[in-house]
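Residues per chain are reported as follows:
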Amino acid sequence: MDLFTVVVLCYRNWEFLADAISSVLKQDYPEIELILSDDSSDGFPQKDIEDFVNANISRNIRKVLIRTEKVNVGTVLHLNHNVKLASGKYICFLAADDMFATDHGLSQYADAFIQSPDDTQLVMAQTAMYNRRMDELESYYLTPHMQSLLEPDVNYKELYKACLLYTSPS
């Protein structure tokens, strides 16, 4: 099974970080590398995070790296620095205030890559906004047309075409 790297990016936003980390640690994918990276926040609680991960780690977590940038580099460079550190065949980014809705999100991503043509470089998921308890859907980050392509039966050709040709509303 190929290694899947999950990068959790943080900048001053620690309120939900334990939820984000927990949602990764609960994934059923068998080979996970976890990178937790802070973009040079003052007071980043690295030791507390290390303790949390060590207390909750599961057997499918193969590597853990907890790091912080020496100076604030901004979102794009922060992403790029972590891509260079990732050793997985697949990479998924998760913001510190986000979480996976299910325990099989990474498995679904990997399955999508496996079932896609060999030159597929990106698999996307719909982003849904839930309440803190994750039991009430509040909204989607999709246009109604894109949402209609995802529910209830996915038409992958139409979805792919829509994603390639998508332009934001003017």
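Use the structure listed above.
Quick caveat: nothing in here was measured; it's all calculated off a predicted structure.

*Asks:* Let's hear about unusual backbone geometry: which residues, and what values?
*Replies:* The phi torsion at Arg12 lies on the positive side, around 60°, for a residue other than glycine. If you trace the backbone, Arg12 turns up in the loop between strand 1 (4–10) and helix 1 (17–25). Here Ser40, not a glycine, exhibits a phi torsion of approximately 65°, which is positive. Tracing the backbone shows Ser40 in the loop between strand 2 (32–38) and helix 2 (46–56). Residue classification places Ser40 among the partly exposed residues on the basis of a relative accessible area of 22%.

*Asks:* Residue-level account of the environment of Asp2, with values.
*Replies:* Along the chain, the position of Asp2 falls in the segment before strand 1. On a C-alpha basis, the gap between Asp2 and Tyr29 in space is 9.7 Å, while along the polypeptide they are 27 residues apart. Sequence-distant contacts of Asp2, defined by excluding residues within four places in its chain, comprise Tyr29, Glu31, Lys89 and Tyr90.

*Asks:* Any chance you could break down the packing of aromatic side chains for me, citing the residues and the numbers?
*Replies:* Evaluated as defined, the whole model comprises 3 aromatic pairs. Ring geometry for Phe4 versus Tyr29: centroids 5.5 Å apart, planes at 80°, classification edge-to-face. Here Tyr29 lies in the loop between helix 1 and strand 2 and Phe4 lies in strand 1, a separation of 25 residues in the sequence. In this structure, Phe4 and Tyr29 share a single accessibility class: buried. Seen in terms of ring centroids, Trp14 and Phe44 are 6.3 Å apart; in terms of plane orientation they differ by 50°. Their pairing is tilted. Of the two residues, Trp14 is situated in the loop between strand 1 and helix 1 and Phe44 in the loop between strand 2 and helix 2; the sequence distance between them amounts to 30 residues. An aromatic cluster of at least three residues, connected via ring pairs, comprises Phe4, Tyr29 and Tyr90.

*Asks:* Before we move on, can you summarise the nonpolar core with the specific residues and values?
*Replies:* The biggest cluster of nonpolar side chains holds 26 residues, and the ones touching the most others in it are Phe4, Val8 and Leu106. If one sorts the elements of this core by residue count, helix 1 sits on top with 5 residues. Apart from residues no more than four positions distant in its own chain, Leu106 is found in contact with Phe4, Val6, Gln27, Tyr29, Ile32, Cys92 and Phe100.

*Asks:* I'd like a description of the pairing of strand 2, backed by residues and values.
*Replies:* For strand 2, the tally of buried residues reaches 7 of 7 residues, placing the bulk of the element in the interior. Every second residue of strand 2 is oriented toward a common face, with Ile32, Leu34, Leu36 and Asp38 on one face and Glu33, Ile35 and Ser37 on the other, all of them buried. Sheet analysis places strand 1 next to strand 2, joined by 7 bridges and oriented parallel. Of the residues in strand 2, the one forming a bridge with Val7 is Ile35. After leaving strand 1, the chain enters helix 1 and then returns to the sheet as strand 2, a path that is right-handed. Note that strand 2 and strand 3 (residues 61–68) share 7 bridges and pair parallel. Considered in strand 3, the bridge of Ile35 is made with Leu65.

Each value, and the rule that gives it
- Residues numbered from 1 in each chain as written.
- Predicted model: local features only at pLDDT ≥ 70, side-chain atom pairs only at ≥ 80, totals over all residues.
- Heavy atoms only, no water.
- Helix = DSSP H or I, 4+ residues; strand = E, 2+ residues; numbered from the N terminus.
- Buried < 20%, exposed > 50% of the residue type's maximum accessible area, 1.4 Å probe, protein only.
- Contact = heavy atoms within 4.5 Å.
- Phe/Tyr/Trp six-rings, centres within 6.5 Å; stacked < 30°, edge-to-face > 60°.
- Core = buried A, V, L, I, M, F, W, Y, C linked by side-chain atoms within 4.5 Å.
- Pairing = 2+ DSSP bridges.
- Right-handed = clockwise from strand over helix to strand, strands pointing away.

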